[in-house]
Each structure stands twice: as C-alpha cells, then as structure tokens.
Amino acid sequence: MQLMGNQSKKFHVWEKENEDKSIVNVIGQILKYKRGYIVRMPEKGGPVVCCMSGGADAVSNIFIMLNDFGYEVFPFFINRGQSAYQWERASIKHYDQLFKERFPKLYHETKEIKVNTPAREYKKDLREVKKKCYETEASAHVSYPARNSIIFLTGMEYALSLKNKGKDVTTLFVAHVASDTSYHCSLTWQRILNLEICHTFHDYQLQLISLPIEIEFGNYFDKDVYLKYCYKNGLDLTKTRTCIRKDEIQCGTCPCCWDRRRSFLEAGIKDETRYQKPYPEKSGRYYDSTLK
Ligand SMILES: [Zn+2]
C-alpha cells in the first residue's frame, strides 16, 4: 500500500476553499530558511506524539505510524466536554489494548488530557452562532474555530513534557485527510500552527504533520487510503467511534457518520459497523451522486 506520493482523484489541494496557497508558500520558505526543509519524516523507531480521538482516521493513522514507520507512539486524547465522550473513550480503550498487544515495544497508553474547548462559559451562545453560519456556504467550514489550535498546541506541550521521561519528541502527527472541509483541518492551518509552535517553543525542529495532506511527500489522499491500508494489514476499524451524537450506537446519518460510510464505499470495503439508520442519500456536508 503506497503511503507516499498518493494523490486523490477527487480532491485537489488548491481547489479547496479552506486552503491558501500563498500562506503555505510563504511559511514553507520560512521553515526552509530556518531548518533547511519544510517537513520530513522522523527517523524510523523514533518517538512521536499522535492525536487519538477514537475515530477511524486517528486510529488508522496511529496504526500506520506503528506498523509502517515503526515509531514509538505516544497518543493523546483531549477530553474537551464533547457529547460522545464516553463512546470515544470506549473506542480508545479498545485500541489501546489492541495496539499494546500487537506493538508492545512501540505503543504507549493514550494520555487523556482535560481541556474544555469551546469553553463552557460561552459554548451555548457559540453553538447558536455556528448554526446561523451554516446558512451561508463559506462560513460553514469555520466549525469551532479555536478548537484544533488549542488541541494541537496542547499536544505539542505534552510532547515537550515527555523530555522529563527522557523522550525527545519533535514531531506531532495529525490525522487530517483530503476531504476535510474546515479551515482548522487544512494544510494552511497546519503550517500556520507549525510556525507558531516553532516560535513560541523556541525550537525550529518541531513539526506538525498530517501524512494524508502533506504535499511535501507528494500526498493528498483521503480516508479510503487509510481504510484500505488497515484492511490489508488486518486492523478492524468497526470499533472506532465517528458519530458526534451522544447515543451508544452511531446514528449513521450525521455528516461525520455519512463521511465514514462514504469512505468505506469508496474503498470498496464492506462496512460492518452498527448504525441506527440506513445510509442516507444526502448529507448536510455535500452529496456525491456517484455514491449510493
Ligand atoms: Zn452520527
């Protein structure tokens, strides 16, 4: 399974609304000037920090880091007050156990970190504002705008804290894919935050990488590549949690569930996940008429 130089036929980086070529180019030049490269994969066997949400993308990403690159993985999970918290937690428990058994020398149990984002003090108001934003197409991709920056700044701080345990971690792996539409899931956001991290941590070796959308590796691929890799290498993803709602059984119709089911269809892999409802014809996000 090719993980480098893999280009999606459906999504092109500069055609997406959440990407800004001029920002990516300028920050790329700064990083090149400061460290001689924009990003590069760490040495095989080295320690890395990865985000862990309990979702299919994050779990696939961690599996690839262990199975393909042989990294020592320190995952972190942000308990941010989300509705599906307990089901995300259950997924993480399942995959923590599975990875510990399969990669005993490389995998560390997920570190749960409590950070409320958006803050409880204004979450209700913000949710109402966000609902109104969905009525205008461009603003629909704003989501909770500070969330990912807060999550990944915290992740990088966790990486720094590992120095106290003798681990020098310079790379944090994110699991964003080509179909992600939010501004805070883009390559552009990633470069901006990487530059902020380098400056504020006073260390230009620090990197924020999302393998699927890292154009420096010739990549721009979607969830289907993750799914195919896991399927081929014997990792069952049906216990991952994608649905953002509070019910135990995933709804199957919210934009996140819909996206998950779309990716199984596109990968040509039978989705054995239990859902409450059949696959919907349309989603709030977008609808691809080639899929049924
Ligand atoms: Zn759902």
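In what follows, the accompanying structure is described. Computed from a predicted structure; not experimentally measured.

As a further point, take the overall build of the chain. Of regular secondary structure, the chain possesses eight helices and five strands. When its helices and strands are written in sequence order, the chain yields α-β-α-β-α-β-α-α-β-α-β-α-α. Its C-alpha radius of gyration of 18 Å places the chain within 12% of the 19 Å reference for a compact globule of 292 residues. Residue pairs in contact within the chain that sit at least 24 positions apart in sequence constitute 75% of those at least 6 positions apart. Side-chain charges in the chain split into 45 positive and 36 negative, and the spacing between the mean points of these groups amounts to 3 Å.

Attention now goes to the packing of aromatic side chains. This model, assessed by the stated rule, comprises 13 aromatic pairs. Ring centres of Phe69 and Tyr71 lie 5.7 Å apart, and the angle between their planes is 10°; on these two criteria the pair is classed as stacked. For Phe69, a relative accessible area of 15% puts it in the buried group. Ring centres 6.4 Å apart and planes at 50° place the aromatic pair Phe99 and Phe103 in the tilted group. Each member of the pair Phe99 and Phe103 is classed as buried. Pairwise contacts between aromatic rings join Phe63, Tyr95, Phe99, Phe103, Tyr107 and Tyr229 into one cluster. Seen from the ring of Tyr144, Lys130 lies directly overhead, with NZ or CZ sitting 4.5 Å from the centre. Arg261 extends its terminal NZ or CZ atom over the ring of Tyr275, reaching a point 4.0 Å from the ring centre.

Scoring rules and cut-offs
- Residues numbered from 1 in each chain as written.
- Predicted model: local features only at pLDDT ≥ 70, side-chain atom pairs only at ≥ 80, totals over all residues.
- Heavy atoms only, no water.
- Helix = DSSP H or I, 4+ residues; strand = E, 2+ residues; numbered from the N terminus.
- Rg over C-alpha atoms; globule rule 2.2 N^0.38 Å.
- Contact = heavy atoms within 4.5 Å.
- Lys, Arg positive; Asp, Glu negative; His and termini not counted.
- Charge placed at Lys NZ, Arg CZ, Asp CG, Glu CD.
- Phe/Tyr/Trp six-rings, centres within 6.5 Å; stacked < 30°, edge-to-face > 60°.
- Buried < 20%, exposed > 50% of the residue type's maximum accessible area, 1.4 Å probe, protein only.
- Lys NZ or Arg CZ within 6 Å of the ring centre and 35° of its normal.

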